[in-house]
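Notes for the structure review
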Amino acid sequence: MGGCCSHDVSVRGKVESEVDDGEYEYDHENISDVTYEHGGAMIRFRGSSRFVSMYTQQGKKGVNQDAMTVWEDFTGEKDMIFCGVFDGHGPLGHKVSQFIRDNLPSELSAAIKMSQQKACKYYDANDADTDTFEDAYNENNHCMSLASWEGCFLKSFDEMDEHLAQEINTDSYCSGCTAVTLIKQGDQLIVGNLGDSRAVLCTRDRDQLIPVQLTVDLKPDIPSEASRIINCEGRVFAAEEEPDVYRIWMPDDDCPGLAMSRAFGDFCLKDYGLIAVPDVFYRKITKQDEFVVLATDGVWDVLSNSEVVNIVASAPRRSIAAKLLVKRAVRAWRYKYPGSKVDDCAVIILFLDDQPVLSHSQSRGSRKSRHRHRNEDTETVDGKVGVELDEEWKALGGLVRANSISKLPRLARELSKRQSSKHLKGS
């Protein structure tokens, strides 16, 4: 894309014009962006807060299937925050990602509280020798060990997949979503990852920004993942038209062709090696660590880790950092893959130092925002389901760089038609 600014405009001015494109800006702590959970946690689906910048944008495949949430004072503790980004796929992937967004945090919160209670029954903090890192970690986290944190993630993800099967089992037969989640408590980061979304930390080495990838993109061509899938009689191969994209296929049918090895939902593949078991990672935050970016593959497919951290660092205000990153990703899609449909993009940036996120209104004094609010990432899509499924999931119909699903099984197509008819009759 060519530049539209004159050469005498500052870089800051160019960035401002890039994000001030007629779309809404969020005010700091805008009450319409926040609800309150009964445990005292502050829940956010969009916008910015003291340490967080969030933004999502619908691609060109249909309804936005990305979802995200931030829970501050997670589990009721003042120093704990939860962030989660969820990338749906399949005919009703948006419903799956929203279901996980709305239910996984509370499930994980309950598991953490239960684990803390159990751990504190067996550990007396007054007798603990804090000379070792493990003991110090236990004291700072209500006696929870690293293994306990991992157990909480594994238990919560497994239970969420079971709840998903019970709540919307027909919808999620060949629909699902990824999840990249993070808990920050004090100077501790615990990351749980399922699928091919990604978490990247930015740390500083003198004057250089260094990206540190905290998660592994869980793709079917990873040897350990492929081995599990093949042992369960699933198949892993890349189609001729996409030689670089390895997918999971059913034993006797060339479908659905899922481009990730772990996900919520997608129950047509759960007997053939697809699992909902997250990888869990831990990092102790240092003074050099500046922020963490959680994003769906719509960002990572077109921008490198280094490009992402540099874009975020270049934002004139932290509150618009996520929006700037999404806009750059969309531009990269159009430049690198002009014949493809731009993917949905969702980004959460968690800043780790004490400098607050400045909002549009704060950074420009008392001037009122010119932009109206548009509810684009949390809009109800039930009324659109019939339209979206009139044809066999229209996102499969065009040229896309790499759809998450290649082809729906016959049963899934029949279920989709039934769901479409049901929603049409109810409208």
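Residues numbered from 1 in each chain as written. Predicted model: local features only at pLDDT ≥ 70, side-chain atom pairs only at ≥ 80, totals over all residues. Heavy atoms only, no water.

Our next topic: the overall build of the protein. In terms of helices and strands, the protein carries 11 helices and 18 strands. Across the 427 residues of the protein, 55% fall into the buried class. A fraction of 70% describes how many contacts in the protein between residues 6 or more apart in sequence connect residues 24 or more apart. When the accessible surface of the protein is totalled, it reaches about 19100 Å², and 48% of it is carbon and sulfur. (Helix = DSSP H or I, 4+ residues; strand = E, 2+ residues; numbered from the N terminus. Buried < 20%, exposed > 50% of the residue type's maximum accessible area, 1.4 Å probe, protein only. Contact = heavy atoms within 4.5 Å. Areas by Shrake-Rupley, 256 points an atom, 1.4 Å probe, with all protein chains shown as cover.)

Turning our eyes to something else, we now look at the packing of aromatic side chains. Enumeration according to the criterion identifies seven aromatic pairs in this entry. With a centroid separation of 4.8 Å and 10 degrees between ring planes, the pair formed by Phe237 and Trp249 is classed as stacked. With a gap of 12 residues between them, Phe237 in strand S12 (residues 235-238) and Trp249 in strand S13 (residues 246-250) connect regions that are remote in the sequence. Overall, Phe237 belongs to the partly exposed group, its relative accessible area being 28%. A residue is classified by how much of its surface remains accessible, and Trp249, at 4% relative accessible area, is buried. One aromatic cluster is present, formed by Trp71, Phe74 and Phe82 through successive ring pairs. Sitting over the ring of Phe45, Arg101 keeps its end group 4.3 Å from the ring centre. (Phe/Tyr/Trp six-rings, centres within 6.5 Å; stacked < 30°, edge-to-face > 60°. Lys NZ or Arg CZ within 6 Å of the ring centre and 35° of its normal.)

What follows deals with the nonpolar core. One finds Val293, Val299, Leu303, Leu325, Val347 and Ile349 to be the most contacted residues of the largest nonpolar core, which totals 30 residues. Mapped by element, the contributors of at least two residues to this core are strand S10 (198-205), strand S17 (289-295), helix H6 (297-300), helix H7 (305-314), helix H8 (321-336) and strand S18 (345-351). Of the residues forming this core, the biggest block, nine residues, is contributed by H8. (Core = buried A, V, L, I, M, F, W, Y, C linked by side-chain atoms within 4.5 Å.)

With that settled, consider the confidence of the model for the protein. Here the protein averages 77 in pLDDT, while 68% of its residues score no lower than 70. Considering only residues more than four positions removed or in separate chains, one finds that residues 1-12, a stretch of pLDDT under 50, has six contacts. (pLDDT = per-residue confidence, 0-100.)

To continue, consider the sheet that holds S17. The antiparallel open sheet is built from six strands, whose spatial order is S3-S4-S18-S17-S10-S11. Because the sheet does not close on itself, it has two edges, and the strands there are strand S3 (47-48) and strand S11 (208-213). The sheet contact formed by S10 and S11 spans six bridges and is antiparallel. Looking at S11, one finds that Cys202 is bridged to Pro211. Contacts between H8 and the sheet are confined to strand S4 (52-57), S17 and S18, with S4 contributing the most and set at about 35 degrees to the helix. (Pairing = 2+ DSSP bridges. Axes fitted to C-alpha atoms, helices over the stretch in contact; angles between N-to-C directions.)

Evaluation of the coordinates by the stated rule reveals 16 salt bridges. Salt-bridge contacts for Asp343 lead to Lys61; the nearest nitrogen and oxygen are separated by 3.5 Å. Of this pair, Asp343 sits in the loop between H8 and S18 while Lys61 sits in the loop between S4 and strand S5 (66-72), placing them 282 residues apart in sequence. Put simply, Asp279 and Arg262 hold a salt bridge, and the shortest N to O gap is 3.3 Å. Taken together, the positions of Asp279 in strand S16 (residues 279-284) and Arg262 in the loop between strand S14 (253-258) and strand S15 (264-265) put the pair 17 residues apart, joining distant regions of the chain. A relative accessible area of 22% places Asp279 in the partly exposed class. Take Arg262: its relative accessible area is 9%, and that puts it in the buried class. Within the structure, one salt-bridge network assembled from shared partners comprises Glu225, Arg228, Arg262 and Asp279. (Salt bridge = Lys/Arg side-chain N within 4 Å of Asp/Glu carboxyl O.)

Viewed as axis vectors pointing N to C, H7 and H8 meet at an angle of 135 degrees, and their least axial separation amounts to 8 Å. Relative to H8, the element H7 lies oblique. Seen along the crossing, H7 lies across H8 with a hand that is right-handed. Of the residues in H8, those touching H7 at Val308, Ile311, Val312 and Ser314 are Ala321, Leu324, Leu325 and Arg328. (Parallel < 35°, antiparallel > 145°, perpendicular 65-115°, else oblique. Left-handed = near helix turned anticlockwise from the far one by under 90°.)

Let us look at H7. Buried within H7 we find Asn305, Val308, Val309, Ile311 and Val312. Projected down its long axis, H7 carries its buried residues within an arc of 160 degrees, all on one side. (Arc of directions from axis to C-beta.)

Moving on, we come to the environment of Tyr36. Here Tyr36 lies in strand S1 (residues 34-36). In this structure the C-alpha to C-alpha distance between Tyr36 and Glu72, which are 36 residues apart in sequence, comes to 9.8 Å.

Take unusual backbone geometry next. For the peptide bond that leads from Cys255 to Pro256, omega is -5 degrees, which places it in the cis range. Relative to the elements of secondary structure, Pro256 occurs in strand S14.

Turning to the side chain of Ser145, a few remarks are in order. Turning to its location among the elements, Ser145 is positioned in the loop between helix H3 (133-140) and helix H4 (146-167). For Ser145, a relative accessible area of 17% translates into the label buried. Side chain to side chain, Ser145 and Ser148 meet in a polar contact 3.0 Å long. (Polar contact = N/O pair within 3.5 Å; in protein donor to acceptor, adjacent residues only side chain to side chain.)

Take H8 next. Compared with an ideal rise of 1.5 Å per residue, which puts 16 residues at 22 Å, H8 spans 22 Å between its outermost C-alpha atoms and is within 8% of the ideal. When H8 is considered as a whole, its buried residues turn out to be Ala321, Ala322, Lys323, Leu324, Leu325, Val326, Lys327, Ala329, Val330, Ala332 and Trp333. (Expected span 1.5 Å × (residues − 1).)

Attention shifts here to the pairing of S18. Note on strand geometry: in a regular strand, side chains alternate between the two faces of the sheet. Judged by how many residues are buried, S18 sits mostly within the fold: seven of seven residues are covered. On S18, burial covers both faces: Cys345, Val347, Ile349 and Phe351 on one face and Ala346, Ile348 and Leu350 on the other are all buried. The pairing of S4 with S18 spans six bridges and is antiparallel. Each bridged residue has a counterpart across the sheet, and for Met54 the counterpart in S18 is Ile348.

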